[in-house]
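The lines below spell out each chain.
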Amino acid sequence: MEVGSLPVELWRVILAYLPLPDLGRCCLVCRAWRELILSLDNTRWRQLCLGCQECRHPNWPSRPHQEPPSWRDALKQHALASRTWTQNGPELQASVCLHLFRRKKDRRVWHVGSGRDFETLRGALGVAGPYDRVVLHPGVYEEQAEVTLKVPVEIVGLGRLGEVSLLVCVEQQCPTARLCNLVFMPAWFSTVVYKTSWGHVQLDNCNFEGAQLQVLGRGTCQARFCSFSQGSSAHFLGVALSLLDSCDFSGSDTVSVTVEGPPVTERNWACKHLAALARTFTSWGLPGNSCPPADPRTGYTSGAQPPAVNVSVDRGDGQRKTGMDVLSQGTVIEDGWIESEPSEAEEESQGVETTRDIAQPLTLDFKLRHDHHGLGHLLKPRPDGSVPPAFSPDPPSAIPELLSLQQELHRDPEAQTLAGSIQGCILRRCLFRDGKGGVHVCNYGQARLEGNVFRGLNYAVRCIQNATIVMLRNEVSECRASGVFLRLSAQGLIAENNIHSNGEAGLDIRKGANPIILCNRIHSGLRSGIVVLGNGKGSIRSNQIYNNKEAGVYILFNGNPLVSGNHIFQGQAAGIAVNENGRGMIVENVIRENQWGGADIRRGGDPVLRNNYICHGYSDGVVVGERGRGLIEGNHIYCNKGCGVWVMSTSLPQLLGNYITHNRMYGLAVFCRKDPDSGEAREGIHARQDRAGGREGRGGEVVRGQELFNEEGEMLALESDLESEDERYSARRSISVALVESNCMSHNGAVGLYVKSSEPLNVIANLVNNNRGVGIAVLQSTQLTRMVANCIHGNSRGGVTVEKDCRVELRGNGVYENGGHGISFCGDGQIGENDVVSNRGCGIQVSDTADVKILRNRVQPTQGCGIAVLGPMKGIVHDNILFQGHPGNGKPLLHIDSDNESCVLRNNTIRRPSNSCSSAPPWVLENPPPRPLADLTSCPSSSQYPSRLAISMTTRIGATVDSGCHNNGSMFCTIL
């Protein structure tokens, strides 16, 4: 009969009455009939799938409200999987006549129940032949001794699930068996209801209540649509391969699934069939497959979503500003430094009258060219027309995008191998809820978790003792402790999971664990996103870590991970915190919009922070607190509401080649913070630290100082095992002086570099330009601060300001076109071999009781004096060259107070154009060219200081706000 002879709608009504075998035959008639049968997916195929007694909804138990892509395909997959248990041996093809001797699987059916063939299960199994079917009628079947399966058999419960209950302990001693539609409860003598050590068992639509399933050694298991409740569990010991698909685990009092021991090398017949079933679900994750199935994750919280490229910053008043609008507001600076208009002290030299004509443009008639100095390329457009960050008046407008999982797998052969590995225990599309533990993998065990949901547990996954785990596209939420816990040299791949709303860390890595963590969403946690401690390692790449109440990534106690290419944003504490001797390689991340600093390094933290984008934070960009260390290199730190970088003077960081721009307060601030003298005060600080950052890890664990106490009462020392250092990081060299080298500090809302320090500091080859305050301000420097080969250019106020009682050396710098004095110096030290040109006030002004040597400088002021010595200053001024800048400038190029008898003037040269010169005199800065020099060999080289150290590389930040922070350092907070 032709399909076109009746309307399609009528055909669909007729075909809806056909049973499954007849639908299959109709598919074979022709292409038109096949398309007609396939069009019944949401009607007849759905009815057949849901009416199958041996399976449940295809998306049960985690998403029963979500329909599958195809009901027919779901029914087909079930039919194929339900026959796996019968494929118990290879077909012999040695001779064409062997089919005559092939064993025929003519199965008999035995009925068990009141008034049936047998009253007990044991009786039916005693007479059942291979592959016979034993049907249990509704009732409760209890055996007083262990039941042994010696031949392949199928045991099926009749009726609805729950009407057939078994109180038995079954040991399988045959190659294969199948159990379907049964409820297992423990016998009086054992909680183990089923165990096998070499055969294959298939469990379909069964319930386990307070019972345990054991699969050992060569044994394999395929469980589908099963429930494990009331403390039930599954234990896999040394299994080569087992598959748990669409199972429900609830109410566990210990752990739901335990995988222990390395997979045995000897495999049984079912392994190849289980591997084929497993690969049908995992093929989406391998490189080259561009069409993954629909994302099964649901239950996402309404956390922050990935931002657009142009990120706005909330001012706190309901309005949002971007770019330089953030800097347009008034900024209150410590010690009364208000960054607005230049003060009278800046405009008037003490004892030397200066005049200011606003209408007269500030120009130099006899200008010395200086734009080809060693850092001049950073202040002009590149040959291709692009603008370097130091020159641009606008902050960066684009940030790196996250890599996809496929891109990461292409880059990492080890991760690609893990993504395709099929061995051990495989759990997919299962639901773990309302219990203590989800999955526990230990002692070299291997497990693979795909598309599962973990909710309301103490912890979701624990992987310890050299075990390996692969987690793909799972959801882990609402755990009372950490979501995923790895320690004791555990490893594996954790990719594309949604980990959120957990009571402790989303991922907890410690004690030598070294996982690969890719492309996850880790958010909305009540503590940190990821913690790494106790010599934990790991590669954390391309994740979205956001909206956690504490640090996005927290590293401590010799934790040493690689954190690369992540987006860490909108956290309620620091983006990345490194504390308590933590290390880490933190590279190419986007760290933005965090409350308490993009990166926070304290108390022996010693990371490498390289090539990150740290921006739009509500406090400082990078905080290096008490005893912080580390290499901070090549980062873009911009548009933070506090300082770009905030450093406590008791720390020893190295800041190399960073772009610190467009921050509301200082570009780089180095503050002095002395430790309390009294023991009580010190004890109070440690008590606050314990409260803020003491508790970490799984439920009941408390970190106190250097020890870890877990819930069983054992004490695990968090040893400092530096010998286990990863070989990818070379040995470090210790440094004794903090180093600031080759950075660009531009367009910040206050001082470019602010120093109030009690420790020595080296500032070498930096560009400090276009800041709204002084370029460099040294308010306190009890030990020597050395400033060598820097360019201080175009700042709204002075170039360099040094206050009284400071010890500073200025050598080989270029100080150009600043809005106040080029150098204002009230301390002790040396000003040597600098070029101070085109500044609005004096070139060099020395005042108060300073003791300073001013040697071999080249100075050209705009309107003020070249060199002004005011007050009872003592020292030497010799071998300087002073150029006249404007013929109308009536101020002397070299001025010294008449009552000063302690300052020695010697061999200074003053150059003015001759009266016959009608044009600008042929003055140039040469021998050497304008400073800073491109070749710094003539200056104290940065090679004298270990500026390119390879520093090797931890779990949670506890943030407390010190109400007195403003008066002691950062405007916003101190994180203890």
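Structure: see above.
Report follows, based on the coordinates. Since we're looking at a predicted model, the values are computed, not measured. (Residues numbered from 1 in each chain as written. Predicted model: local features only at pLDDT ≥ 70, side-chain atom pairs only at ≥ 80, totals over all residues. Heavy atoms only, no water.)

A few words on the overall build of the protein chain. Each helix and strand counted, the protein chain has twelve helices and 80 strands in total. In the protein chain, which comprises 976 residues, the proportion classed as buried is 59%. For the protein chain, the computed accessible surface area is about 38100 Å², with 50% contributed by carbon and sulfur atoms. (Helix = DSSP H or I, 4+ residues; strand = E, 2+ residues; numbered from the N terminus. Buried < 20%, exposed > 50% of the residue type's maximum accessible area, 1.4 Å probe, protein only. Areas by Shrake-Rupley, 256 points an atom, 1.4 Å probe, with all protein chains shown as cover.)

This paragraph deals with the pairing of strand E34 (residues 514–518). Every other side chain in a regular strand lies on the same face of the sheet, so the side chains alternate between the two faces. The buried fraction of E34 amounts to four of the five residues, a majority that puts the element mostly inside the structure. Here five bridges tie strand E31 (residues 491–495) to E34, and the two strands are oriented parallel to one another. Counted as the bridge partner of glycine 492 is proline 515 from E34. Here three bridges tie E34 to strand E37 (residues 539–541), and the two strands are oriented parallel to one another. Across the sheet, residue isoleucine 516 finds its bridge partner in E37, namely serine 539. (Pairing = 2+ DSSP bridges.)

This part takes up the nonpolar core. In terms of nonpolar packing, the biggest core is built from 133 residues, with Val134, Leu136 and Leu244 touching the most fellow members. In contact with leucine 136, other than residues within four places in its own chain, are Val112, Leu121, Tyr141, Ile155, Val156, Gly157, Leu158, Val164, Leu166 and Leu182. (Core = buried A, V, L, I, M, F, W, Y, C linked by side-chain atoms within 4.5 Å. Contact = heavy atoms within 4.5 Å.)

Quick look at helix H10 (residues 413–420) now. For H10, the full list of buried residues reads Ala415, Leu418 and Ala419. Along the axis of H10, the buried residues cluster in a sector spanning 100 degrees; they form a single face. Of the exposed residues in H10, those oriented more than 90 degrees away from the buried face are Pro413 and Thr417. Considering only its buried residues, H10 is in contact with helix H9 (405–411), strand E25 (446–450), strand E28 (468–472), E31 and E34. If you check the start of H10, you find a side-chain oxygen 3.1 Å away from the backbone N of glutamate 414, and it comes from aspartate 412. (Arc of directions from axis to C-beta. Polar contact = N/O pair within 3.5 Å; in protein donor to acceptor, adjacent residues only side chain to side chain.)

This next bit is on the packing of aromatic side chains. Under the criterion given, the structure shown has 13 aromatic pairs. For the pair phenylalanine 208 and phenylalanine 228, a centre-to-centre distance of 4.6 Å together with 0 degrees between the ring planes defines the contact as stacked. Here the residue phenylalanine 208 occupies a position in strand E12 (residues 207–209), and phenylalanine 228 occupies one in strand E15 (residues 227–229), the gap between them amounting to 20 residues. As far as burial versus exposure is concerned, phenylalanine 208 and phenylalanine 228 are alike and both buried. Taken together, a centroid distance of 4.2 Å and an interplanar angle of 20 degrees make the contact between tyrosine 666 and tyrosine 754 stacked. With tyrosine 666 in the loop between strand E53 (659–661) and strand E54 (668–671) and tyrosine 754 in strand E60 (residues 753–757), this pair connects stretches of sequence that are 88 residues apart. Here tyrosine 666 matches tyrosine 754 in class, with each residue buried. Clustering of aromatic rings is evident, with ring pairs tying together Phe184, Phe208, Phe228, Phe249, Phe432 and Phe454. Above the plane of the ring of phenylalanine 569 lies arginine 592, whose end atom (NZ or CZ) is 4.4 Å from the centre. (Phe/Tyr/Trp six-rings, centres within 6.5 Å; stacked < 30°, edge-to-face > 60°. Lys NZ or Arg CZ within 6 Å of the ring centre and 35° of its normal.)

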